[in-house]
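Each chain is listed here by its residues.
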Amino acid sequence: MGILEVSDLRKQYGSIPALKGISFTVGVAERVVVLGPNGSGKTTTLDILGGFLRPTAGWARVLGAYVPHLPPGVRRQMGFVFQDKAGLYPELTVRETLELFGGYYPDPLPAPELLEKLGLADRRDRWVRNLSGGERRRLELAVALLGRPRLIFLDEPTASLDPEARLLIWALIEELADRGVTFVLTTHNLEEARRLGRRVLLLRGGELIFDGSPQTMIAQAGLPYQISFRRTEATLPPALAVRARVEGDRVTLPSLRPDEDLMALRGSGVGLEEVSIQPPTLEEAYLALLKGASHEHHSPNAVAPSLAGQ
Ligand SMILES: Nc1ncnc2c1ncn2[C@@H]1O[C@H](COP(=O)(O)OP(=O)(O)OP(=O)(O)O)[C@@H](O)[C@H]1O
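Residues numbered from 1 in each chain as written. Predicted model: local features only at pLDDT ≥ 70, side-chain atom pairs only at ≥ 80, totals over all residues. Heavy atoms only, no water.

The name given to the chain in an unreviewed UniProt entry is ABC transporter protein, with the source organism recorded as Meiothermus taiwanensis WR-220.

Listed below in structure tokens is the structure:
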């Protein structure tokens, strides 16, 4: 049984279909990143899974319980970092906030430890209303972690954070995941997705258009690698020259089969120096899949060759 089970989930806001029937299962300790453009249904999905929103059709189970009626025993095992839903009290201090929310759990994490980890130790006596946006976000994460959750939902947890705070949150999420905590995170930051995600759910217009690892997503987009090198002598074989971009002695060659193309180059007697092979990025794959530009006739192996020894 998955820690999360979602079957043909649909949500209609009046005439707007926000989710058009998505299905997936998440197992324990999975690291799931939900991607998709504005309005694709990410927050709606998380809101339903958190028990905050009733689906129009389909069903979802979280830790074995059907949404939206999650019993307190299940809720206590979940943590949330949701946009504008933290329910923080502006007139409490940071420390008082953790004491208040900590009281809901049988064995809350010690507040000083959490504050230290989130870089909020020197803000402990500050009122919530006087925190900066980024500090508030970190306090929301502290509250989400207080009850030692098994499952955490994070809706754009690092949006509006400065780079230092973002790195701190990434390290914290990785540490939690290493300890076996399952997370489902939405983001528009593809670097965040690549760093934290082992599985990507890609939504477009309320439909799940990709479910798999970031590597598979890159492979499925069917985008070329970029072979680049400095040419020292001889001309390129004509079959490759038509694809190549040449600037002086620097050559860039887009290639779906870099192993084969490199072999052809070496076999042709072209002098190659400073050879590098850049795979397509997750961001490029994301954009290509959203445009519907996937080349599904290429098997992933055809575009993800072993680059060992390059
Ligand atoms: N309460 C609501 N009433 C009506 N329409 C809504 C409501 N909430 C969301 N929608 C619509 O449902 C669709 C999905 O919205 P959702 O917030 O889930 O998208 P999202 O992928 O999280 O977007 P973003 O990246 O901008 O946060 C959008 O078209 C949005 O306008």
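Once the structure has been displayed, the description carries forward.
1. Details of the pairing of strand β4 (residues 57-62)
The pairing of strand β1 (residues 4-13) with β4 spans five bridges and is classified as antiparallel. If you follow Leu 4 over to β4, its bridge partner there is Val 62. As paired strands, β4 and strand β5 (residues 65-66) are joined by two bridges and run antiparallel to one another. Note that in β5 the partner of Val 62 across the bridge is Ala 65. (Pairing = 2+ DSSP bridges. Helix = DSSP H or I, 4+ residues; strand = E, 2+ residues; numbered from the N terminus.)

2. Considering helix α5 (residues 133-145)
The first and last C-alpha atoms of α5 sit 19 Å apart over 13 residues, in line with the 18 Å expected at 1.5 Å per residue. Of all 13 residues in α5, eleven are buried, a share of seventy percent or more. What α5 keeps buried is the set Gly 134, Glu 135, Arg 137, Arg 138, Leu 139, Glu 140, Leu 141, Ala 142, Val 143, Ala 144 and Leu 145. Among the structural elements, β6 (78-81), α3 (94-102), α4 (111-117), β7 (151-155) and α6 (163-178) are those in contact with the buried residues of α5. (Expected span 1.5 Å × (residues − 1). Buried < 20%, exposed > 50% of the residue type's maximum accessible area, 1.4 Å probe, protein only. Contact = heavy atoms within 4.5 Å.)

3. A closer look at the site of the ligand
Around the ligand sit 13 residues, and of these Gly 39, Lys 42, Thr 43, Thr 44 and His 188 come closest. At 2.8 Å, a side-chain N or O of His 188 approaches an oxygen atom of the ligand. Within the complex, 62% of the 640 Å² of free accessible area of the ligand lies under protein. Of all the elements in the fold, those that place two or more residues in the shell around the ligand are β2 (16-26) and α1 (42-49). The leading source of residues in the shell around the ligand is α1, at three residues. (Near = heavy atom within 4 Å. Polar contact = N/O pair within 3.5 Å; in protein donor to acceptor, adjacent residues only side chain to side chain. Areas by Shrake-Rupley, 256 points an atom, 1.4 Å probe, with all protein chains shown as cover.)

4. Brief notes about the nonpolar core
Formed by 51 residues in total, the largest nonpolar core has its most connected members in Leu 35, Leu 139 and Met 217. There are two domains that each give this core at least three residues, and those are domain 1 (4-218) and domain 2 (223-303). Excluding its chain neighbours within four sequence positions, the residues that come into contact with Met 217 are Leu 35, Val 200, Leu 202, Phe 210, Leu 282, Ala 285, Tyr 286 and Leu 289. Listed in part, the 28 residues of the second largest apolar core include Leu 19, Ile 22, Ala 60 and Val 62. (Core = buried A, V, L, I, M, F, W, Y, C linked by side-chain atoms within 4.5 Å. Domains from an automatic or database assignment.)

5. Looking at the packing of aromatic side chains
Scanning all chains against the criterion turns up eight aromatic pairs. Considering the side-chain rings of Phe 80 and Phe 82, the 5.3 Å spacing of their centres and the 70 degrees angle between planes classify their relative orientation as edge-to-face. Relative accessible area serves as the criterion here: at 3%, Phe 82 is assigned to the buried category. The cationic tip of Arg 75 hangs over the ring face of Phe 52; the distance from NZ or CZ to the ring centre is 5.6 Å. Across from the ring centre of Trp 127, 4.5 Å away, lies the NZ or CZ of Arg 129, which sits over that ring. (Phe/Tyr/Trp six-rings, centres within 6.5 Å; stacked < 30°, edge-to-face > 60°. Lys NZ or Arg CZ within 6 Å of the ring centre and 35° of its normal.)

6. Topic: unusual backbone geometry
The residue after Val 67, namely Pro 68, is reached through a cis peptide bond having omega 0 degrees. Secondary-structure assignment places Pro 68 in the loop between β5 and α2 (72-75). The residue Arg 148 is not glycine, and still its phi comes out positive at about 50 degrees. The phi dihedral of Glu 274 is positive, around 50 degrees, even though this residue is not glycine. Tracing the sequence through the fold places Glu 274 in strand β14 (residues 272-278).

7. Observations regarding helix α10 (residues 258-267)
Listed as buried for α10 are Pro 258, Asp 261, Leu 262 and Leu 265. Buried residues of α10 fall within an arc of 100 degrees about the axis and therefore sit on the same side. With respect to the buried face of α10, the exposed residues turned more than 90 degrees away are Met 263 and Gly 267. (Arc of directions from axis to C-beta.)

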